[in-house]
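An overview of the molecular structure
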Amino acid sequence: MDRIRVLGGVPLHGRMEIGGAKNAALPLMACGLLTDETLTLRNVPALADIATMQQLLAQHGITVARAGREARLGGRIGNTEAPYEIVRKMRASVLVLGPLLARCGQARVSLPGGCAIGTRPVDLHLRGLEQMGADISIDAGYVTASVRGRLRGAHILMPQVSVGATENLLMAATLAEGRSVIANAAREPEIHDLAECLRAMGARIEGHGTDRIEIEGVAALHGATHDILPDRIEAGTYACAVAIAGGDLLLAGARLADIEAVALALRQAGIEVEERPGGVFVRRLNGLAGTDVMTEPYPGFPTDMQAQFMALMSVAEGAAMVTETIFENRFMHVPELNRMGARINVHGASAIVRGVDALSGAPVMATDLRASVSLVLAGLAARGETVIDRVYHLDRGYEAVERKLAAVGARIERI
């Protein structure tokens, strides 16, 4: 099994390309189920989760032809069951439920898996689809859904903000009969990107990017070509990398508007972050100051950046409080960071981080996607050698992390 080996203490310098957003690419691939015509996606990242979604779509009858950063999706749906063997690998697999139901009037989808960071129930997806006329039952670990004729437009008030449920219901509503409203909708840039792709396919959508999305259903969608937006979590992660290791980087292709909450926290910690032609420039000039953050739905500080920022705060001056409000089990990286000499104490939904002068390299184990990259960041700042095990988590969301970091000066390799 692969591991990542890091020798810390080297600042980062240069330019790093930010790839297409994983969290946008997965629902965009599910859009291939909404049309018989070809959907072409550009700026597609090469990640394990993308390969899993490709495998899932293939068994539904949708082929994904890859050529570099481009993917052409096409075919006819011949199977409406999403099996456990595939869905268990990735939570985003549940995003085929809405499109299958809207196109075929039926779907049988295994309850999803993915990172062990909390319950993340699918009930918000199911309630919304029921409001649109679907009959839904859960049996033997599968969601079985059906509808007579077409789904019907509905006014859906989300009891809490959910990115995945917003995406599933948005896709389903494009082919529903009549008008749908998703109130208290997620506002993430990935939602806006999904809506723009659907509009290019002929969907009638307004309000995406706000907490109220309105969709007028159409009878059919057609093919389109769409460029996936840059990955704001990858950009934020590498911004934290240069902050913890020192130096300066141009994050080419990154958009400052997408990472404003992260940029604000980094600036408060003493890091220079500014928009430059072609991307976002990040530089660390002096020490780090302890800075409190609380995860919130977009445009707040993203839960997917919590572990990386905690690693950064472990070597800051003073103390910082990191509060997690999205997922209840997202502090599993804390024991591993403490193995490296960090001083972190968890109290319920908050972690108190008391900065230390330096971390020490150690063998550590990744527990989920973002936790794995937080250990890489810690290794960049640590004295000696850090070896991270179970990096298959890392490969789900970061493309060639060791090559990207090595290219800007880090002493890192896959072993």
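Computed from a predicted structure; not experimentally measured.

**Section: the sheet that holds strand S5 (residues 70-75)**
The sheet built from four strands is open, its strands ordered S4-S5-S3-S14 with mixed pairing. Among the strands making up the open sheet, the edge pair consists of strand S4 (62-67) and strand S14 (224-227). Across the sheet, the mean angle from the axis of one strand to that of its neighbour is 20 degrees, orientation sign disregarded. Here three bridges tie strand S3 (residues 39-42) to S5, and the two strands are oriented antiparallel to one another. Each bridged residue has a counterpart across the sheet, and for Thr40 the counterpart in S5 is Arg72. Packing against the sheet, helix H1 (residues 22-30) makes contact with S3, S4, S5 and S14, and its axis sits at approximately 170 degrees to S3. Helix-sheet contacts for helix H7 (residues 189-200) involve S3 and S14, and the interaxial angle to S14 is about 160 degrees.

**With respect to the nonpolar core**
One finds Met132 and Leu198 to be the most contacted residues of the largest nonpolar core, which totals 76 residues. With residues near it in sequence (within four places) discarded, Leu198 still touches Cys31, Leu34, Leu170, Met171, Thr174, Ala203, Ile205 and Leu221. Membership of the second largest hydrophobic core comes to 74 residues, among which are Met16, Ala241, Ala265 and Ile344.

**Some points on the pairing of S5**
Two strands pair when backbone bridges link them, and S4 and S5 are joined in this way by six bridges, in the antiparallel orientation. Bridging across to S5, Ile62 finds its partner in Gly75. Taken together, S4 and the strand that follows it, S5, pair antiparallel across an intervening segment of two residues, in which Gly68 is found at a positive phi of about 65 degrees.

**Quick notes on unusual backbone geometry**
Residue Pro299 is reached from Tyr298 by a cis peptide bond, and omega for that bond is 15 degrees. Even without being a glycine, Ala140 presents a positive backbone phi close to 55 degrees. Counting through the fold element by element, Ala140 comes out in the loop between strand S8 (135-139) and strand S9 (142-146). Its relative accessible area of 67% is what places Ala140 among the exposed residues. The phi torsion at Ala400 lies on the positive side, around 50 degrees, for a residue other than glycine. Locating Ala400 in the fold gives a position in the loop between helix H13 (392-397) and helix H14 (401-407).

**Here we look at the packing of H1 against helix H2 (residues 48-60)**
At a minimum axis separation of 10 Å, H1 and H2 run at an interaxial angle of 5 degrees. Classified by the interaxial angle, the pair formed by H1 and H2 is roughly parallel. Packed against H1, whose contacting residues are Lys22, Ala25, Leu26 and Met29, the element H2 presents Asp49, Ile50, Met53, Gln54 and Leu57 at the interface. Among the residues making up the contact of H1 with H2, the classes are represented as six nonpolar, one polar and two charged.

**Some points on the pattern of salt bridges**
Taken as a whole, this structure holds 25 salt bridges when the rule is applied. The partner of Arg255 in a salt bridge is Asp258, and the shortest N-O contact between them spans 2.8 Å. Given a relative accessible area of 38%, Arg255 falls into the partly exposed group. Each of Asp2, Asp395, Glu402 and Arg414 takes part in one network of salt bridges that share partners.

**Some details on helix H5 (residues 123-131)**
For H5, the complete set of buried residues consists of Leu124, His125, Leu126, Gly128 and Leu129. Those residues of H5 that are buried are in contact with helix H4 (97-104), S8, S9, strand S10 (155-157) and helix H6 (163-173). Where H5 ends, the next residue or the one after it, Gly133, has phi of about 100 degrees, a positive value.

**Describing the environment of Tyr398**
Among the secondary structure elements, Tyr398 is positioned in the loop between H13 and H14. Remark: the alpha-carbon pair of Tyr398 and Arg152, spanning 246 residues in sequence, is separated by 39 Å. Residues in contact with Tyr398, not counting those within four places in the same chain, are Leu47, Ile233, Glu234, Thr237, Tyr238, Gln308, Leu369, Arg370 and Val373. Here Thr237 takes part through its side chain, which lies 2.7 Å from a polar atom of the side chain of Tyr398.

**Here we look at the sheet that holds strand S24 (residues 411-414)**
If you trace the four strands from one edge of the open sheet to the other, you get S22-S23-S1-S24, paired in mixed fashion. Each edge of the open sheet carries a strand with a single partner, namely strand S22 (363-365) and S24. Averaged over all neighbouring strand pairs, the angle between strand axes comes to 20 degrees, with direction disregarded. Judged from the three bridges that link them, S22 and strand S23 (residues 385-389) form a sheet pairing that is parallel. Bridge assignment links Pro363 to a residue of S23, and that residue is Val387. Packed on one face of the sheet, helix H12 (residues 369-381) meets strand S1 (4-7), S22, S23 and S24 and runs near 170 degrees to S23.

Thresholds applied
- Residues numbered from 1 in each chain as written.
- Predicted model: local features only at pLDDT ≥ 70, side-chain atom pairs only at ≥ 80, totals over all residues.
- Heavy atoms only, no water.
- Pairing = 2+ DSSP bridges.
- Helix = DSSP H or I, 4+ residues; strand = E, 2+ residues; numbered from the N terminus.
- Axes fitted to C-alpha atoms, helices over the stretch in contact; angles between N-to-C directions.
- Contact = heavy atoms within 4.5 Å.
- Core = buried A, V, L, I, M, F, W, Y, C linked by side-chain atoms within 4.5 Å.
- Buried < 20%, exposed > 50% of the residue type's maximum accessible area, 1.4 Å probe, protein only.
- Parallel < 35°, antiparallel > 145°, perpendicular 65-115°, else oblique.
- Nonpolar A, V, L, I, M, F, W, Y, C, P; charged D, E, K, R; others polar.
- Salt bridge = Lys/Arg side-chain N within 4 Å of Asp/Glu carboxyl O.
- Polar contact = N/O pair within 3.5 Å; in protein donor to acceptor, adjacent residues only side chain to side chain.

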